[in-house]
Amino acid sequence: SFTIDQLHIGLSASSNHVITDEKIRLFADVSGDCNPIHLDTEFAEKTRFGKRIAHGMLVSSFISALFAMKLPGQGCIYLSQSLFFKKPVYINDTVVATVEVITVDIPRKRVQFKTYCTVNNEMVIDGEAEIYIPD
């Protein structure tokens, strides 16, 4: 875990995640989002995507995990997150989630991050987050 005075603009962390049928089904069960675009192959084949896609919130949850486990690490508090879903994510895609410090406000103990996810170096989710760093 990082203290706020250890954080600086440009500091980043990333993680890789393979999207599987099992992860999609578990996320649907936990979240209650059982949209057939995620779960039903026959339904999904008739959509503009041509096949099942992962939940956007499943993919974006990898950003949350980065904050909690890598940067800034355990104990941080997620205050806000903007998300722009740019492209679909499919089963067997490898998602690279990245968070990067863009501002540090030491007196307020708040840090702004650029957040994004890519598949094959193409942006699938873009956004920004604000994190509170407790003592």
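Structure: above.
Reading the values: the criteria
- Residues numbered from 1 in each chain as written.
- Predicted model: local features only at pLDDT ≥ 70, side-chain atom pairs only at ≥ 80, totals over all residues.
- Heavy atoms only, no water.
- Helix = DSSP H or I, 4+ residues; strand = E, 2+ residues; numbered from the N terminus.
- Buried < 20%, exposed > 50% of the residue type's maximum accessible area, 1.4 Å probe, protein only.
- Contact = heavy atoms within 4.5 Å.
- Areas by Shrake-Rupley, 256 points an atom, 1.4 Å probe, with all protein chains shown as cover.
- Lys, Arg positive; Asp, Glu negative; His and termini not counted.
- Charge placed at Lys NZ, Arg CZ, Asp CG, Glu CD.
- Phe/Tyr/Trp six-rings, centres within 6.5 Å; stacked < 30°, edge-to-face > 60°.
- Lys NZ or Arg CZ within 6 Å of the ring centre and 35° of its normal.
- Arc of directions from axis to C-beta.
- Expected span 1.5 Å × (residues − 1).

A. Region of the structure containing the overall build of the protein. The number of helices and strands found in the protein is 4 helices and 5 strands. N-terminal to C-terminal, the α/β element order of the protein is β-α-α-α-α-β-β-β-β. With the C-alpha coordinates of the protein rotated into their principal frame, the extents come out at 55 × 30 × 20 Å. Looking at the protein as a whole, 39% of its 135 residues are labelled buried. At a minimum sequence separation of 6, the contacts of the protein that also span at least 24 residues come to 64%. Entry remark: accessible area of the protein is about 7500 Å², with carbon and sulfur atoms responsible for 53%. Here the protein carries 13 positive and 16 negative side-chain charges, and the mean point of each set is 3 Å from the other.

B. How the structure looks around the packing of aromatic side chains. Summed over all chains, the structure comprises 2 aromatic pairs. Between the aromatic rings of Phe-67 and Tyr-78, the centroid separation amounts to 5.2 Å while the plane-to-plane angle is 85°, which identifies the pairing as edge-to-face. Residue Phe-67 is located in helix H4 (residues 56-69), and its partner Tyr-78 is located in strand E2 (residues 77-85); the two are separated by 11 residues in the primary sequence. Note on Phe-67: relative accessible area 1%, which makes it buried. Owing to a relative accessible area of 32%, Tyr-78 belongs among the partly exposed residues under this scheme. Residues Phe-67 and Phe-113 carry aromatic rings whose centres are separated by 4.8 Å and whose planes lie at 65° to one another, so their mutual orientation is edge-to-face. Remark: Phe-113 occurs in strand E4 (residues 110-119) and Phe-67 occurs in helix H4; sequence separation between them is 46 residues. In this pair, the class of Phe-67 matches that of Phe-113, namely buried. One aromatic cluster is present, formed by Phe-67, Tyr-78 and Phe-113 through successive ring pairs. One Lys or Arg, Lys-51, reaches over the ring of Tyr-90 and ends 4.6 Å from the middle of that ring.

C. Spatial organisation of helix H1 (residues 21-31). Within H1, burial applies to Ile-24, Phe-27 and Ala-28. Buried residues along H1 cover an arc of 100° about the axis, so they all sit on one side. Those residues of H1 that are exposed and aimed more than 90 degrees away from the buried face are Glu-22, Asp-29 and Val-30. Summarising the contacts, the buried residues of H1 are in contact with helix H2 (36-39) and H4.

D. Representation of unusual backbone geometry. Note that the residue after Leu-71, namely Pro-72, is joined by a cis bond; omega there is 5°. Tracing the chain through its elements places Pro-72 in the loop between H4 and E2. Located in the positive-phi region is Asn-120, a residue other than glycine, with phi close to 50°. Its location among the elements puts Asn-120 in the loop between E4 and strand E5 (122-132).

E. Local environment of H4. With 14 residues, H4 extends 21 Å between its outermost C-alpha atoms, agreeing within 8% with the 20 Å of an ideal straight helix rising 1.5 Å per residue. Restricting attention to buried positions, one finds in H4 the residues Leu-58, Val-59, Ser-60, Phe-62, Ile-63, Leu-66 and Phe-67. Those residues of H4 that are buried are in contact with strand E1 (12-18), H1, E2, strand E3 (94-105), E4 and E5.

Functional significance is not addressed by these values, which are geometric in nature.
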